[in-house]
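Residues per chain, in single letters:
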Amino acid sequence: MVRSDACADVAQSIGNIYKGLAQSGSWGCFDEFNRISVEVLSVVAVQVKCIQDAVRQKKTFFHFLTEDISLSPSVGIFITMNPGYAGRTELPENLKALFR
């Protein structure tokens, strides 16, 4: 159970960063993204897709992390990875597609 709580905390923290990026229109680059556990990556994929869908639909407000927040369309979320190294996770296909 401790692992699940830790994963939930990490996913919530990343979500809070995404929330700030979406509201401010800033860009964020997350280094060595494939070091995040698969459990967290699953939640992160949903969060990123939610933001991308809102941008595509040209929304000014959207529902994110249990609340309605403003959206600045200049938001950008980028990742770096070093595949093949020890401790790295292969990204799920749905998450790869979001960052292409």
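For the structure, check the block above.
Here goes a summary of the coordinates provided.

By the alternation rule, side chains of strand E2 (residues 61–64) split into Phe62 and Phe64, which are all buried, and Phe61 and His63, of which none is buried. The pairing of E2 with strand E3 (residues 67–70) spans four bridges and is antiparallel. Among the inter-strand pairings, Phe64 is bridged to a residue of E3, identified as Glu67. Counted between consecutive antiparallel strands, the loop separating E2 from E3 contains two residues, among which Leu65 sits at a positive phi close to 50°.

The next thing to look at is the side chain of Asn34. Secondary-structure assignment places Asn34 in the loop between strand E1 (27–30) and helix H2 (38–56). Among the polar contacts listed, one links the side chain of Asn34 to the backbone nitrogen of Asn82, at a separation of 3.5 Å. The contacts of Asn34, once residues within four sequence positions are left out, are Thr80, Met81, Asn82, Pro83, Gly87, Arg88, Thr89 and Leu91.

Examined against the element boundaries, His63 turns out to sit in strand E2. Spatially, the C-alpha atom of His63 lies 9.2 Å from that of Ile51, the residues being twelve residues apart in sequence. Setting aside its immediate chain neighbours within four residues, His63 contacts Cys50 and Asp68.

Parameters at a glance
Residues numbered from 1 in each chain as written. Predicted model: local features only at pLDDT ≥ 70, side-chain atom pairs only at ≥ 80, totals over all residues. Heavy atoms only, no water. Buried < 20%, exposed > 50% of the residue type's maximum accessible area, 1.4 Å probe, protein only. Helix = DSSP H or I, 4+ residues; strand = E, 2+ residues; numbered from the N terminus. Pairing = 2+ DSSP bridges. Polar contact = N/O pair within 3.5 Å; in protein donor to acceptor, adjacent residues only side chain to side chain. Contact = heavy atoms within 4.5 Å.

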